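Chain by chain, the residues:
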Amino acid sequence: MNGVWIAHFTAGEAHGSGIAVLRSGEILGGDFSHLWVGTYEEEGSQLYARVHVAPQGAEADGKVIQREKALELTLSGFHTGADARLVGRADNAEFTVSIEMRKAM
């Protein structure tokens with residue numbers, strides 16, 4: 001799993017793409033609006049992840065505008081070495097999250 005991955009996600013009605021670096025059980029990454037930090041575990045082809053998603057604030061008229069609240073995601077799925085798919089939920093939220101990843105490096 002170590003490497004750079006291109007991630008496509010759907011979280012409720014939101015969707016997008018970003019980059020994730022997986023290394024030695026840690027996940028670091030993001031897209032234009034969020035930073036992702038978390039951990040992952042492998043059991044054969046099974047994959048489990050816990051990810052903190054932090055929105056980035058915007059600035060208008062000298063004031064920081066927070067976009068939304070941070071989320072804690074609990075995900076599970078599988079990987080083939082070059083591809084991965086995870087699904088799960090955000091803690092304290094009523095929507096499903098799905099992530100498809102393809103290894104870039």
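Residues numbered from 1 in each chain as written. Predicted model: local features only at pLDDT ≥ 70, side-chain atom pairs only at ≥ 80, totals over all residues. Heavy atoms only, no water.

### Some remarks on the overall build of the protein
As a reminder, the rule being used: Where helices and strands are cited, they refer to DSSP runs of H or I of at least four residues and of E of at least two residues respectively, numbered from the N terminus. Atoms considered for the radius of gyration are the C-alpha atoms alone. The globule rule reads 2.2 Å times the number of residues to the power 0.38. Throughout, exposure labels follow a simple rule: accessible area from a 1.4 Å probe, protein chains only, divided by the maximum for the residue type, with under 20% read as buried, over 50% as exposed, and the rest as partly exposed. For this analysis, residues touch if any pair of their heavy atoms sits within 4.5 Å. To measure how exposed things are, a 1.4 Å probe is used in the Shrake-Rupley method; for residues, cover is taken only from the protein chains shown. When charges are counted, Lys and Arg contribute as positive and Asp and Glu as negative, whereas His and the chain ends are disregarded. By convention, charge coordinates are those of NZ in Lys, CZ in Arg, CG in Asp, or CD in Glu.
Scanning the protein for helices and strands turns up 0 helices and 10 strands. Going from the N terminus to the C terminus, the protein shows its helices and strands as β-β-β-β-β-β-β-β-β-β. Compactness check: the protein gives a C-alpha radius of gyration of 14 Å against a globular reference of 13 Å for 105 residues, within 12% of the reference. Expressed as lengths along the three principal axes of its C-alpha atoms, the size of the protein is roughly 50 × 30 × 20 Å. Counting every position in the protein, which comprises 105 residues, the buried fraction comes to 31%. Contacts in the protein between residues far apart in sequence, at least 24 positions, make up 33% of those at least 6 positions apart. In the form shown here, the protein has an accessible surface area of approximately 6,700 Å², with 55% of it arising from carbon and sulfur atoms. Measuring between centres, the 9 positive side-chain charges of the protein sit 2 Å from its 14 negative side-chain charges.

### Some remarks on unusual backbone geometry
Excluding glycine, residues mostly have negative phi values, and the peptide bonds linking residues are mostly trans. Unlike most non-glycine residues, S24 shows phi in positive territory, near 50°. The residue S24 is located in the loop between strand 2 (14–23) and strand 3 (26–30) in this model. Classification of S24 as exposed rests on a relative accessible area of 65%. One non-glycine residue, N92, lies in positive phi territory at about 60°. Mapped onto the fold, N92 is located in the loop between strand 9 (83–90) and strand 10 (96–103). N92 gets classed as exposed once you look at its relative accessible area, which sits at 85%.

### Some remarks on the pattern of salt bridges
Close approach of charged atoms allows side chains with opposite charge to pair. The criterion, for reference: Salt bridge, as used here: a side-chain nitrogen of Lys or Arg that lies within 4 Å of a carboxyl oxygen of Asp or Glu.
Under the counting rule described, the total for this entry stands at 3 salt bridges. One salt bridge in this structure joins R50 and D91, with 2.7 Å as the shortest N-O distance. On the criterion of sequence distance, the pair formed by R50 in strand 5 (residues 46–55) and D91 in the loop between strand 9 and strand 10 is long-range, its members being 41 residues apart. Owing to a relative accessible area of 34%, D91 belongs among the partly exposed residues under this scheme. For R102, the salt bridge goes to D83, with nearest N and O atoms at 3.1 Å. Of this pair, R102 sits in strand 10 while D83 sits in strand 9, and the two are 19 residues apart along the sequence. Given a relative accessible area of 53%, R102 falls into the exposed group. Judged by relative accessible area, D83 falls into the partly exposed class, the value being 27%.

Function-wise, these values are silent; they only describe arrangement.
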